[in-house]
Amino acid sequence: MAWEFALLDAIQAHLRTAAGDFCMPLISALGNHGLLWVVLALALLIPKKTRRTGLVLSAALALDWGLCNGLLKPLVARTRPYDINTAIQLIAAKPHDYSFPSGHTAAAFTAVSALCQCKSRLFWPFFVCAGLIAFSRLYLYMHFPTDVLAGIVLGWGFGWMGAKLVAWGEAAYAARAKAKP
């Protein structure tokens, strides 16, 4: 844990700027409640051309929400870094849940993984957005580096699982349609 505080403190000492203090809370807020990713999924569900991508993203986000926020956070129950280092001056509102894994990061990387699985042109801009959200969680002292790393890994896995789940559903639907006389 010492190296994690060393990294968080180094960000505070060497990377904090007035512009960063203005931008990072806004960037982090993009991930609040997964709203950006839910809106993206809904927008992709509307046109027939992107509906499959919307389904993959929706399935992946459901997995993320249930397993990351519903199961892992309360199971691990890790204290947030600002609750340990109480000398830190926060520039964003304190979350009221646990630290591990980073839910903002997991949802962001779930979305980009789903977009990658579907070979969507939206992958790169949202990948950059996801990276900025992940970094913002460190900048804001909301998460330990391992919380963010776990969010990235879990997110990639949830995106992959969402794609597999949709593919399984498509195969089951096709087999059922084929079996009907």
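Anything mentioned here points back to the structure above.
Parameters and conventions
- Residues numbered from 1 in each chain as written.
- Predicted model: local features only at pLDDT ≥ 70, side-chain atom pairs only at ≥ 80, totals over all residues.
- Heavy atoms only, no water.
- Buried < 20%, exposed > 50% of the residue type's maximum accessible area, 1.4 Å probe, protein only.
- Helix = DSSP H or I, 4+ residues; strand = E, 2+ residues; numbered from the N terminus.
- Arc of directions from axis to C-beta.
- Contact = heavy atoms within 4.5 Å.
- Patch = residues over 30% accessible without salt bridge, like charges linked within 9 Å, V, L, I, M, F, W, Y side chains within 5 Å.
- Areas by Shrake-Rupley, 256 points an atom, 1.4 Å probe, with all protein chains shown as cover.
- Salt bridge = Lys/Arg side-chain N within 4 Å of Asp/Glu carboxyl O.
- Axes fitted to C-alpha atoms, helices over the stretch in contact; angles between N-to-C directions.
- Parallel < 35°, antiparallel > 145°, perpendicular 65-115°, else oblique.
- Left-handed = near helix turned anticlockwise from the far one by under 90°.

(A) Up close: helix 3 (residues 35–45). Buried within helix 3 we find Trp37, Leu40, Ala41 and Leu44. Projected down its long axis, helix 3 carries its buried residues within an arc of 100°, all on one side. Exposed residues lying more than 90 degrees from the buried face of helix 3 are Leu35 and Leu42. Contacts made by the buried residues of helix 3 are with helix 4 (51–76), helix 6 (103–117) and helix 7 (123–139).

(B) Expanded view of a nonpolar patch on the surface. Taken together, Leu67, Leu71, Leu75, Val76, Trp160 and Met161 make up a surface patch of nonpolar side chains, about 560 Å² in accessible area. Top contributing element to the nonpolar patch by residue count: helix 4, with four residues. Among the structural elements, Met161 can be located in helix 8 (residues 145–179).

(C) Looking closely at the packing of helix 4 against helix 6. Two elements in contact, helix 4 and helix 6, have axes whose closest approach is 9 Å; the angle formed by their N-to-C orientations is 155°. Taken as axis vectors, helix 4 and helix 6 run roughly antiparallel relative to one another. As helix 4 runs across helix 6, the sense of the crossing is right-handed. Residues Thr53, Val56, Leu57, Ala60, Leu61, Asp64, Cys68, Asn69 and Lys73 of helix 4 pack against Gly103, Ala106, Ala107, Thr110, Ala111, Ala114 and Leu115 of helix 6.

(D) Main features of the pattern of salt bridges. Within this structure, the stated rule accounts for six salt bridges. Through salt bridges with shared partners, one network takes in Glu4, Arg78 and Asp147.

(E) Structural context of the side chain of Glu4. Note that Glu4 resides in helix 1 (residues 2–14). Given the relative accessible area of 4%, Glu4 is considered buried. Setting aside its immediate chain neighbours within four residues, Glu4 contacts Arg78, Phe144, Pro145 and Thr146.

Shape is all these values report; function is a separate question.
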